[in-house]
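The primary structure of each chain is shown beneath.
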Amino acid sequence: MSDVEKHSTHDSQYENHVGAIDTVPPDPDAHLSQEEKDKIDRKLVWKLDWILIPWLCILYLLAFLDRTNIGNAKVAHLTDDLHLSVPEQYNLTLTIFFISYSVFEPITNVLLKRLRPSVFIPIIMILWGASMTGMGFVYNYSGLMAARWFLGLAEAGLFPGVNYYLSCWYKRSEFGIRAAIFFSAAALSGSFGGLLAAAIELMNGIGGRPGWAWIFILEGLLTVVFGVASFWMVHDFPDQARFLSDEDRARVVRRLKLDQQSSAEHEEWKMSYLIAGLKDWKMWLGMVIYMGCDMPLYAFSLFLPSIINELGWSTSTVRSQLLSVPPYAAAAILTVAIGFIADRTRQRGLCNIIVSLVGVVGFLMLIASTDPRVKYAGTFLGALGIYPCISNTISWMANNIEGVYKRGVVLGFVIGWGNLNGIVSSNIYLNPPRYLEGHGVIIGYMALFLFGGSLLMTTLLRIENKKRREGKRDYLIEGKTPKEIEALGDGKPNFFYTV
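Please read all numbers here as calculations on a predicted model, not as lab measurements.

(A) How the structure looks around the side chain of S369. With respect to the helices and strands, the residue S369 is situated in the loop between helix 15 (348–368) and helix 16 (372–399). Here D371 takes part through its backbone nitrogen, which lies 3.0 Å from a polar atom of the side chain of S369. Discounting residues that sit within four places of it in the chain, S369 has contacts with V374, K375 and R434.

Here it is in structure tokens:
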């Protein structure tokens, strides 16, 4: 039995003591049987899934495609045509993206909350689509650097924003699989990107533009089209979403409140939310864990076509693009599977620990062997060990941070710090064909930060849950009103952490 499931008796006593149940909206289905209520609840969640998830997956597929297609463009002779020195100037074009992306990421969730998702997300999509299209018309190193800077700036709000947004719609036990499905779009973009790049590259010479330029132009224009459509396809938070009836809105808010969440409520921004996030040890340890999987993610995504190209199979450019497809497809499947397993077991830390070891084995194979078949198998294990941990770590952090703005701030810092480590990933694959330094740094990150950090986090959370079950945190609510207790967020004695 998980720690979250063990607290029911203490939770009931706590609610009776503080009257916290007063903040839960009236049940519109109070006159129905439990079986009828469950049926309505399943129908409501199914409705949310079909309206929210598919479109958001498409948007993230486009985002990840646009940020990593420079790896496909490199194989299609980008560096030769722009006379970029390799690896110095090429790696700097990768690095500059992560600087602007990371610097602006922590504030984007606050902007998302204040501007509304149906306005904020379409605007940033149109901006990054325009930046991507512009990359197809650059003629030199400085032009490419400028375009990559603005691409990172515009894309900064999507990934943390959507994870924060989804956490405001679903219960903690439901969020992981949705976050995993959403993030699996990144792995699919790797598969889709390789296939698309192989096809678009055949346009080489049309309009006087090389094949790599058409990769940027067509994929950028596609993003702009979807950005415009998002003004109608992206919905706001539960308290403002137009597709919900009044009864469904009450059901969404009620199910979140009963899950110890205030995410569906309207809050005004206060500096205290930022301070609360900065004082929370879980945010800092979450940043360590996330950097342990995010740096390897970007290194893998940006350099996989080059790694495959150096395997020694004398592969053509098109074949290198196509061989990058299967590892991504396998990673997408495992990402969704881990999301499902972690939701059911509530053992997100254990999932991170096991999966990270698979990735370490994969990169050890890439270092130790010179056999192309063994190294290609290593790319599969590497992808399997990285991708599931991204969405699982984000779900883990979202599960354990309560309060609308505090969760937004924490997710912004965690994801922003992870992406800042993209600067590292852009500068470790230096010496082909074996890339020993790059593989070694990834192993270090995954073993120390991802594996070690996850082990420490789950241990500390189990200790804290034990103290709460034993009533050792009940003093925190003494003399407080129900509203003051609600404001404690994940500091409430009846809030049990997902381990």
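Let us keep going from here.
(B) Looking closely at the packing of helix 5 (residues 117–135) against helix 9 (residues 211–233). Across the interface, helix 5 lies against helix 9 with an axial gap of 7 Å and an inter-helix angle of 165 degrees. Relative to helix 9, helix 5 is oriented roughly antiparallel. In the packing of helix 5 onto helix 9, the handedness of the crossing is left-handed. Classifying every residue of the contact of helix 5 with helix 9 by side-chain character gives 17 nonpolar, seven polar and one charged.

(C) Geometry of helix 14 (residues 325–345). Taking 1.5 Å per residue, 21 residues should reach 30 Å; helix 14 reaches 31 Å between its end C-alpha atoms and fits that length. V325, P327, Y328, A331, A332, T335, I338, G339, A342 and D343 are the residues of helix 14 that are buried. Taken around the axis of helix 14, the buried residues stretch over an arc of 155 degrees, which confines them to a single face. Counted as exposed and oriented over 90 degrees from the buried face of helix 14: I333 and R344. Following helix 14 by one or two positions, R346 adopts a phi angle in the positive range, close to 60 degrees.

(D) Expanded view of helix 8 (residues 172–200). Here helix 8 contains 29 residues, and its C-alpha end-to-end distance of 41 Å stays within 8% of the 42 Å for a straight helix at 1.5 Å per residue. When the local axis directions of helix 8 are compared, the greatest deviation, roughly 30 degrees, occurs at L188. Buried residues dominate helix 8, accounting for 23 of its 29 residues.

(E) Geometry of the pattern of salt bridges. Counted under the stated rule, the structure contains 26 salt bridges. Here R348 ties to D343 by a salt bridge, and the two come within 2.5 Å at their closest N and O atoms. The residues R348 and D343 share a single accessibility class, namely buried. A salt bridge links D371 to R373, with the shortest nitrogen-to-oxygen separation between them at 3.3 Å. Residue R373 is classed as exposed on the basis of its relative accessible area of 62%. Through salt bridges with shared partners, a single ionic network connects D29, K47, E247, D248 and R251.

(F) Quick look at the packing of aromatic side chains. A complete count under the given rule lists 27 aromatic pairs for this structure. Measuring from ring centre to ring centre gives 5.6 Å for W169 and F243, while their planes differ by 25 degrees; the resulting arrangement is stacked. Of the two residues, W169 is situated in the loop between helix 7 (158–167) and helix 8 and F243 in the loop between helix 9 and helix 10 (246–258); the sequence distance between them amounts to 74 residues. Neither W169 nor F243 differs from the other in exposure class; each is buried. Between K74 and the ring centre of Y90, over which it is positioned, the NZ or CZ distance is 5.4 Å. It is K113 that lies over the ring of F237; its NZ or CZ is 4.4 Å from the centre.

(G) Main features of the environment of S85. With respect to the helices, strands and loops of the structure, S85 is situated in the loop between helix 3 (78–81) and helix 4 (88–115). In the structure, S85 is positioned 160 residues away from S245 in sequence and 58 Å away in space, judged by C-alpha atoms.

(H) Focus on unusual backbone geometry. The omega angle of the peptide bond from V86 to P87 is 10 degrees, so this bond is cis rather than trans. Within the secondary structure, P87 is located in the loop between helix 3 and helix 4. Residue P432 is joined to P433 through a cis peptide bond whose omega torsion reads 5 degrees. Assignment of secondary structure puts P433 in the loop between helix 18 (422–425) and helix 19 (436–469). Positive phi, close to 85 degrees, is recorded for R116, a residue that is not glycine. Along the chain, the position of R116 falls in the loop between helix 4 and helix 5.

(I) Seen up close, the nonpolar core. Judged by nonpolar contacts, the single largest core of 123 residues is most densely connected at Y60, F159, W169 and Y387. Residue contributions to this core peak at 17 residues, all from helix 12 (residues 281–309). Contacts of Y60, omitting those with residues within four sequence positions, involve R67, L158, F159, F182, F183, A185 and A186. Ranked by size, the runner-up nonpolar core spans five residues in total, among them I200, W214, I215 and I217.

(J) Just the environment of P210, in detail. Relative to the elements of secondary structure, P210 occurs in the loop between helix 8 and helix 9. Spatially, the C-alpha atoms of P210 and I121 are 31 Å apart, while their sequence positions differ by 89 residues. Once you skip the residues sitting within four places of it in the chain, P210 turns out to touch D81, N204 and G205.

(K) Looking closely at a nonpolar patch on the surface. A contiguous nonpolar patch, built from I99, V103, F104, I107, L111 and L115 and spanning about 480 Å² of accessible area, is present on the exposed surface. By the secondary structure assignment, I107 is in helix 4.

Calculation notes
- Residues numbered from 1 in each chain as written.
- Predicted model: local features only at pLDDT ≥ 70, side-chain atom pairs only at ≥ 80, totals over all residues.
- Heavy atoms only, no water.
- Helix = DSSP H or I, 4+ residues; strand = E, 2+ residues; numbered from the N terminus.
- Polar contact = N/O pair within 3.5 Å; in protein donor to acceptor, adjacent residues only side chain to side chain.
- Contact = heavy atoms within 4.5 Å.
- Axes fitted to C-alpha atoms, helices over the stretch in contact; angles between N-to-C directions.
- Parallel < 35°, antiparallel > 145°, perpendicular 65-115°, else oblique.
- Left-handed = near helix turned anticlockwise from the far one by under 90°.
- Nonpolar A, V, L, I, M, F, W, Y, C, P; charged D, E, K, R; others polar.
- Expected span 1.5 Å × (residues − 1).
- Buried < 20%, exposed > 50% of the residue type's maximum accessible area, 1.4 Å probe, protein only.
- Arc of directions from axis to C-beta.
- Bend = angle between axes of the 7 residues up to and from the residue.
- Salt bridge = Lys/Arg side-chain N within 4 Å of Asp/Glu carboxyl O.
- Phe/Tyr/Trp six-rings, centres within 6.5 Å; stacked < 30°, edge-to-face > 60°.
- Lys NZ or Arg CZ within 6 Å of the ring centre and 35° of its normal.
- Core = buried A, V, L, I, M, F, W, Y, C linked by side-chain atoms within 4.5 Å.
- Patch = residues over 30% accessible without salt bridge, like charges linked within 9 Å, V, L, I, M, F, W, Y side chains within 5 Å.
- Areas by Shrake-Rupley, 256 points an atom, 1.4 Å probe, with all protein chains shown as cover.

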